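Structural overview
Below, each chain spelled out in residue letters.
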Amino acid sequence: MDGLVTTAIIGLSLGVEYALLSLGFTLIFGILGVINFAHGGFYMIGGYAAYAAVHFAGMPFPAAVATAMLVTALLGYVCELLLIDRYVSDHLTPMMITLGLYLIISTALIVVFGPEPADFSFPIRGSLRSGGIYITYANLIVLLVCATVIAAVYLLMYRTDFGLALRAMADNREVATALGMRPAQYFPLAFGLATGLAGLTGALVTPTLTLSPFLGDSILGMSFLIVILGGLGSLGGAVIASFIVGIVEAYSRVYLGGSKGALALFVVVLIILVVRPNGLMGRIGRPA
Amino acid sequence: MLRIDNLCVRYGGIVAVRDVSLEVHASETVLLVGANGAGKSSLINAVIGMVPAAAGTIAFEGRSLDNVACAMRARAGIGYSPEGRRVFPSLSVRENVLAGAIGAGIADKRERYDWLCGAFPLLAERARQPAGQLSGGQQQIVALARAMSAFPKLLLLDEPFLGLAPVWIDRISDAVRQMQGRGTTILMTEQMARPALRLADRAYVMRGGEIRRSGSADEIRAAALADEYL
Ligand SMILES: Nc1ncnc2c1ncn2[C@@H]1O[C@H](COP(=O)(O)OP(=O)(O)OP(=O)(O)O)[C@@H](O)[C@H]1O
Ligand SMILES: [Mg+2]
């Protein structure tokens, strides 16, 4: 019984991490209509930026995480402004650009930090045990921070003019512009927000797992899986899908073991997609 | 308020608006009537800046709009309700209305929203429903309210009666009168000359991208009647 509960807690904390990771991915698709192949790259930059801030600049861990988020957000902002913005109405070109960006990022990380995993671990050790239920402090902190940031993103998207304008532009860019909203001003901000979220996830999560310059592919794959399951472009769908994936992954890892666990995940996703081909929630943004 | 001189709009080789000049004075309602393809939408879209003017000038409040981007025209006080409503389908009715008032202060927004809800009970009844789920006439009300929530100085209405039953035409007409009551200047297009002329002070008749006739609403109505019986 305790094992079941502990696994559920692991599943939940995985789910929250996945949710934070995939929010940025689905946001960029929902609002700009761009598939960001560099998403995993920004996740790694977040990890390495936090690592560098701690090890080379001697920053305390929370400051390093904040710095990593700022750096990735700024990088995303600049990339959108300089590279992607003028092609944003096109579909193929931004994909090629983000793919190229991803190759540059992962190669640069290998050149700068080397191919070996970096020695980066969470500053707080130990775990919380209570009546046989068990969670490491690191996971607990990551869970709380991720949940807080997800709530903040929700408020930003659904309770502010900024979010309203972004969602309006996702629905109909032309009409939104004619009503006084300026995509050229909002799109770089949205992209920076999304990459900042990927960077924050990387900075928080890599010290509890590993930090290596080869993580990008699997991170991108996981984001894709979650976002397709949740419904492309849907924020709520991405969060729900993340929890499903987190829970399935945690249970199958414990009760089925390594490769069978991954198989179980794909089977579950496949079944859900057969029942709901457009994912759990339709896209926010553009109508299907 | 709005002055258009020798405006041309082209799509590649097609000339949609040819050498059109017209003027809309403060607080008046001007109607552009014409059949399909007359160039009404092209003219409206050139005023808001969704299509470029190939030649001619458009001036709003004495200032040329030549180098003013679409979004900035809206911010300068031009409200726009597009042909075929084009509400934001995934946004709620309330969000659609507020999307027109982005940038306004919180108190302003509340005041405008409350006023619009008072004018159109539908907005309050369906506030939380995605606008894409409404009927055509209901969506037209939302599109109007969205344009009105900016409290624009000049309101552009492109075929607000398109595809609507008489009862909805009456409701939309009431909405337009509410705006007129606030002193808003309106430039509207319509194929349905009769109900539209009841709202207008003056009218222009467009055909083949050109203005063929202009005059007071009564004159145009009389001319239209004469045409029908000839
Ligand atoms: N995007 C476009 N590309 C090419 N030609 C266009 C485009 N939009 C309009 N036209 C052409 O311009 C001319 C005027 O069209 P416009 O939409 O302005 O007419 P309208 O008076 O609004 O007609 P309706 O009452 O059907 O809305 C038409 O001949 C049309 O084919
Ligand atoms: Mg038209």
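Reading the values: the criteria
Residues numbered from 1 in each chain as written. Chains lettered and ligands numbered in written order. Predicted model: local features only at pLDDT ≥ 70, side-chain atom pairs only at ≥ 80, totals over all residues. Heavy atoms only, no water. UniProt positions renumbered as here; feature names shortened; annotations may be inferred. Donors = N, O, S within 2.8 Å, 3.2 Å for Na, K, Ca; no water. Helix = DSSP H or I, 4+ residues; strand = E, 2+ residues; numbered from the N terminus. Buried < 20%, exposed > 50% of the residue type's maximum accessible area, 1.4 Å probe, protein only. Contact = heavy atoms within 4.5 Å. Buried area = accessible area lost by both parts, 1.4 Å probe. Salt bridge = Lys/Arg side-chain N within 4 Å of Asp/Glu carboxyl O. Polar contact = N/O pair within 3.5 Å; in protein donor to acceptor, adjacent residues only side chain to side chain. Axes fitted to C-alpha atoms, helices over the stretch in contact; angles between N-to-C directions. Left-handed = near helix turned anticlockwise from the far one by under 90°. Nonpolar A, V, L, I, M, F, W, Y, C, P; charged D, E, K, R; others polar.

An unreviewed UniProt entry lists chain B under the name ABC transporter ATP-binding protein, with Chelatococcus reniformis as the source organism. Recorded in UniProt under Sequence similarities (unreviewed entry), the annotation for chain B is "Belongs to the ABC transporter superfamily."

As annotated in an unreviewed UniProt entry, chain A is Branched-chain amino acid ABC transporter permease from Chelatococcus reniformis. Quoted straight from UniProt, the Sequence similarities (unreviewed entry) entry for chain A says "Belongs to the binding-protein-dependent transport system permease family. LivHM subfamily." Note on chain A: under the UniProt heading Subcellular location (unreviewed entry), the record states "Cell membrane".

With that settled, the discussion passes to the coordination of the magnesium ion (ligand 2). Residue and element names in this part refer to chain B. Those protein atoms acting as donors to the magnesium ion (ligand 2) are Ser41 (OG) and Glu83 (OE), and they sit at 1.9 to 2.0 Å. Residue Ser41 is found in helix H1 (residues 40-48), and its partner Glu83 is found in the loop between strand S6 (78-81) and helix H3 (93-99); the two are separated by 42 residues along the sequence. Judged by its relative accessible area of 33%, Glu83 is partly exposed.

Taken together, the contact pairs 21 residues of chain A with 21 residues of chain B. Where chain A abuts chain B, roughly 1900 Å² becomes buried across the two surfaces, and 62% of that area is made up of carbon and sulfur atoms. Together, Leu164, Ala178 and Leu179 of chain A form the three largest contributors to the area buried by chain A at its contact with chain B, with a combined 28%. Counting across the chain A and chain B interface gives three salt bridges. Among the salt bridges present, the one from Glu95 of chain B reaches Arg167 of chain A, with a minimum N-O distance of 2.6 Å. At the surface where chain A touches chain B, the tally comes to six residue pairs in polar contact (both at pLDDT 80 or more).

Each pair of packed helices can be described by the angle between their axes along with the distance between the axes. Residue and element names in this part refer to chain A. As a packed pair, helix H3 (residues 61-84) and helix H8 (residues 183-205) sit with axes 7 Å apart at the nearest point and diverge in direction by 145°. In the crossing of H3 with H8, the sense of the turn from one axis to the other is right-handed. In contact with Phe61, Val65, Ala68, Met69, Thr72, Ala73, Gly76, Tyr77, Glu80, Leu81 and Ile84 of H3, H8 contributes Phe187, Pro188, Leu189, Phe191, Gly192, Thr195, Gly196, Leu197, Gly199, Leu200, Ala203 and Leu204. Along the lines of polarity and charge, the residues of the contact of H3 with H8 split into 16 nonpolar, six polar and one charged.

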